[in-house]
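One-letter residues, chain by chain:
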Amino acid sequence: MAGYIIRRLLALIPVLLGISFLVFLILHLAPGDPALIILGPKATQASLAQLRHDLGLDQPFLVQYFRWLWHVLQGDWGRSIQLKREVLPLILQRFQATAYLTLFSAFLAIVFGVLVGIISATRQYSLWDRLSMIGVLLGFSMPVFWLGIILQIVFSLYLGILPVSGMQSPDQQGWLDLLRHLVLPSIALATGAAVIIARMTRSSLLEVLQQDFIRTARAKGQSERLVIYRHALSNALIPVVTVVGLQVGYLLGGDILVEIVFSWPGIGLLMMNGIMARDFPLVQGAILLVATSYVMVNLVVDILYAYVDPRISYK
Amino acid sequence: MRIRKWNCLSVLILLGLVISACAPASTPTSAPAAQGGGPVQGGTIVVGLQAEPVTLDAQQMTDYNSTRAGRNIFDALLHFKDESTEVEPALAEKWDISPDGKEYTFHLRKGVKFHDGTDFNADAVVFSYERQIDPNHPYHDTGEFAYADFTLGVVDKIEKIDDYTVRITLKESFAPFLANMAMHSATIVSPTAVKKYGKDFSRNPVGTGPFKFVSWSPGVEIVVEKNPDYWGGAPNVDKVIYRPIIDDQARMNELEAGSVDFIVNIPPDDLARLKADTRFTTVEQPGMHTWYVVFNCQKKPFDDVKVRQAVNYAIDRQAIVDSILRNTGTLANSPLPPVLWSYTSDVTVYDYNPEKAKQLLTEAGYADGLSLTFWVPTSGSGMQQPVPMGQAIQADLKKVGIDATIETYEWGTYLDKTIVEDAQTLPEIFQMSWVGDNGDPDNFLYILLSGDQFPPNGFNLGHCKDDKVDAMLREARASLDQSKRTDIYVQAQKMLTEDAFWVPVDHETQIVVMKAGIKNFKLHPTGDFRFKDVWLEK
């Protein structure tokens, strides 16, 4: 197992190199001059040229890329062009906010997704099954930004029980305040993932329930609860774990709309502003961090397989 | 089995309810009860900004969010009066101008201290300006000073005469200089703080202004508190908190939920509803802004004044203001916004007249119509609603036989493609807007429409020029005689509208909506938010 993990971690290196090069290339191919965006249309040519020089933007593309890479390898992620701050602490701090949102959403998505999936599968074609599948269809069709606004209007404007947006109230701190701010954006974000997990759990569980060993278990006279939770579910969860892994990755990168609607100070929002401002070091750093965490999440999922399904082992 | 499942669900629901019930839903503005009708002391104002400020060093600011959150921390030598761009004394109590208009001697206010306790004096003034314009200054690399050339480019040297007198010598007589001295880029920073924080001064701003910086949690909030020792009298409110709330709808929800007291950029469709709501007050002010369509005078067919005039007649500008902008702007006839001195409405006005447009096109030899490319940004600072406005213009042009193909670009790309030296790379027409900086007509007419200001020198993006107007505008910027300057600018507006270098469409109205309890707030044409004299009623 240890050897497998080390191999997977080593495989991360070419992946990240490839990603960083691609991102660098795309950013530089996009029209738009960072110096002009920073200084604005009112700047003189001399000051634009000076800033381009200070930022190293007057160097050839490959020189810029390898210079950036060399600095990153030494732990210097550069300084954000637009925000004028060190990139690494900035993205780590924003990543923390995104991590809260992602983890809480993943928790909600898994709990509700799996629960709804089990209810549907064990009562196939019942009213419960139909209702939850209609719910799944609705959840899947709702755009996340629209759902976010509706949640704000219902829970904050009409009911007044949760904050509209942001990550903390002025003059207030602490976990409880953070949790209260997490509820609405997490629901908005989790809905899409939850419905996919629900569908996956349902179809996977239905398939397993048709198999011979379930019939054997039932024939042995085991209680239905034991049959489903011990025999069926542990087998049905393997594809679900795969989907959960992919969905967590999706939540990590796909939360940008939620971050906009809820003014959540996460990395998605930071990246979007960075792209608008052609803030190369910032966007590079943020994408590298998100890509790394995506790969790590999938590594964890692969390792989880071995625990969920004893037939899988890594050597 | 059924019971267990319900247990799981109900635990989760309970958890949600507990979380939501454990603390107050919002932090309402707290202010002591009013006694009589006068200003009340104390309280906090929470402001919802459109985006996170980029910097709090006023000398480096280029965007509204930064100036709105940070301008109150600093003072400049001069100050724009409330609701006007006339200047009044601030850190300079008085000033003398030499007869040739090149030497300005400023007599500084004594006994003023920066928020870090150090003294404001002539050294601080010299430091604040040289830091921006002298590339060899030891603290020049502590920031990027986008406005340095604009504000101080005409300065030849800055000298300290004594501790409270500074003399600034200009390269040439330049009338808008005094107005520049009231701009955010001419504010005075604490030299001690710049030396201490270096590049991070933009996150740890220290000035002499009515509010002191307290904290900045990135992406969350910026907090400033009142400076009880402010030379101009301490502010009434204790604290102002600025929160970036990017989504317009979410910002409005925050206001209605009561967790934010004051918002900007209200969607035009919702404005009427908020205005009718007695819980809120709306404050409006015609801004220093013009939205316009630029003609490329270096390309056919717009090298011909008749075609330019025809397009002016062809576009129903009033309809754009009424139905797209929903009166969040006022119809523009002159390039100059009405809020600026020397503005005149006595210019050539192009009322919507498609017949006249067709006739002019025929006279110019385009009886069979013509086709052209029309660049439109997807969004952008001051661009209001560029795409719907562009589509309306496209539809109007179609009616007179002009087939306009719209090409849209993201704002960063758009600036890059439109501010170019070679006009042949530009399309026939494109959109642009301008927000004034110092309240001087020169800042619109000379910079945007003079032949001296083709890129890369300036912002005359259509490369259009009228030699007679150029000579007049040059004369006006060198003259210190205000009434003479006014005459020239009035005449220039008449000639420029006759030349029809643009289709001016509207001047955006600045609009903020706030809780009804916020009293005495006045919008300033520069877009700054001034909270010094504001008080909260409960």
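What you see is a predicted model, and the numbers here were worked out from it, not measured in a lab.

Each value, and the rule that gives it
Per-chain numbering applies: the sequence of each chain, read as written, is numbered from 1 onward. Here chains are named by letter from A upward and ligands by number from 1 upward, in the order in which they appear as written. Per-residue local features are limited, in this predicted model, to residues with pLDDT of at least 70; the limit for side-chain atom pairs, both in listing and counting, is 80 or more; totals at the level of whole chains, interfaces and linings are taken over all residues. Derived side-chain values reflect all non-hydrogen atoms in the structure, with water molecules and hydrogen atoms excluded from consideration. Here a helix means four or more residues in a row that DSSP labels H or I, a strand means two or more in a row labelled E, and each is numbered from the N terminus. In what follows, a contact means two residues having at least one pair of non-hydrogen atoms within 4.5 Å. Cysteine sulfur pairs qualify as disulfides if the two atoms are within 2.5 Å. Exposure is judged per residue with a 1.4 Å probe applied to protein chains only, and the accessible area is read against the type maximum: over 50% gives exposed, under 20% gives buried, and values in between give partly exposed. Only the six-membered ring of Trp is used, alongside the rings of Phe and Tyr, when aromatic pairs are assigned; centres must lie within 6.5 Å, and planes under 30 degrees apart are stacked while those over 60 apart are edge-to-face, with the rest tilted. Only when the NZ of Lys or the CZ of Arg is both within 6 Å of the ring centre and within 35 degrees of the ring normal is a charge said to sit over the ring. Here the rule is simple: two strands pair whenever DSSP picks up at least two bridges between them. Fitting a line to C-alpha atoms yields each axis, with helices limited to the stretch in contact; the angle taken between N-to-C directions then spans 0 to 180 degrees.

### Here's the deal with the environment of Phe531 of chain B
All names here are of chain B.
Piece 1. Inspection of the secondary structure puts Phe531 in the loop between β19 (518-519) and β20 (535-536).
Piece 2. The spacing of Phe531 and Pro210 is 321 residues in sequence and 8.6 Å in space, taken between C-alpha atoms.
Piece 3. In this view, Phe531 contacts Ile45, Val47, Asn72, Phe211, Val237, Val240, Tyr242, Phe262 and Phe521; residues no more than four positions away in its chain are not counted.

### Describing the state of the cysteines
Residues and elements named next belong to chain B.
Piece 1. Under the definition given, this model contains one disulfide over all chains.
Piece 2. Through a disulfide, Cys297 is tied to Cys464; the S-S separation comes to 1.9 Å. On the sign convention where negative means left-handed, the S-S torsion of about 85° between Cys297 and Cys464 marks this disulfide as right-handed. Of the two residues, Cys297 is situated in the loop between β13 (289-295) and α9 (305-314) and Cys464 in the loop between α14 (442-449) and α15 (467-478); the sequence distance between them amounts to 167 residues. The residues Cys297 and Cys464 share a single accessibility class, namely buried.

### Quick look at the packing of aromatic side chains
Piece 1. One pass over the structure, following the stated rule, counts 30 aromatic pairs over all chains.
Piece 2. Centroid distance Tyr104 of chain B to Phe106 of chain B: 6.3 Å. Interplanar angle 20°. Geometry classified as stacked. For the pair shown, Tyr104 of chain B and Phe106 of chain B are each scored as buried.
Piece 3. Aromatic pair Tyr313 of chain B and Tyr350 of chain B: ring centres 5.0 Å apart, planes at 75°, arrangement edge-to-face. Of this pair, Tyr313 of chain B sits in helix α9 while Tyr350 of chain B sits in the loop between β14 (329-331) and α11 (354-363), placing them 37 residues apart in sequence.
Piece 4. In this structure Tyr313 of chain B comes out as buried when scored by relative accessible area, which is 13%.
Piece 5. Of the residues examined, Tyr350 of chain B reaches a relative accessible area of 5% and is grouped as buried.
Piece 6. Here the aromatic residues Phe21, Phe24, Phe61, Tyr65, Phe66 and Trp68 of chain A are joined through ring pairs into a cluster of three or more.
Piece 7. Sitting over the ring of Tyr64 of chain B, Arg68 of chain B keeps its end group 4.3 Å from the ring centre.
Piece 8. Stacked on the ring of Tyr446 of chain B, the Lys or Arg Arg477 of chain B has its end atom at 3.8 Å from the ring centre.

### Some remarks on the pairing of strand β5 (residues 103-108) of chain B
All names here are of chain B.
Piece 1. Pairing geometry for strand β4 (residues 92-97) and β5, over five bridges, is antiparallel. Residue pairing for β5: Trp95 is matched across the bridge by Phe106.
Piece 2. Hairpin connection between β4 and β5: a loop of five residues separates the two successive antiparallel strands, and Gly101 in this loop has a positive phi of roughly 75°.
Piece 3. As paired elements, β5 and strand β7 (residues 165-170) share five bridges and run antiparallel to each other. Bridge assignment links Glu103 to a residue of β7, and that residue is Thr169.

### Side note on the sheet that holds β4 of chain B
All names here are of chain B.
Piece 1. Sheet architecture is open: four strands sit in the order β4-β5-β7-β6, paired in antiparallel fashion. Looking along the sheet, the strands with just one partner apiece sit at the ends: β4 and β6 (155-162). On average, adjacent strands in this sheet sit at an angle of 20° to one another, irrespective of strand direction.
Piece 2. Where helix α3 (residues 122-133) meets the sheet, it contacts β5, β6 and β7, and its direction lies at approximately 160° from that of β6.

Purely spatial values, then, with no claim about function.
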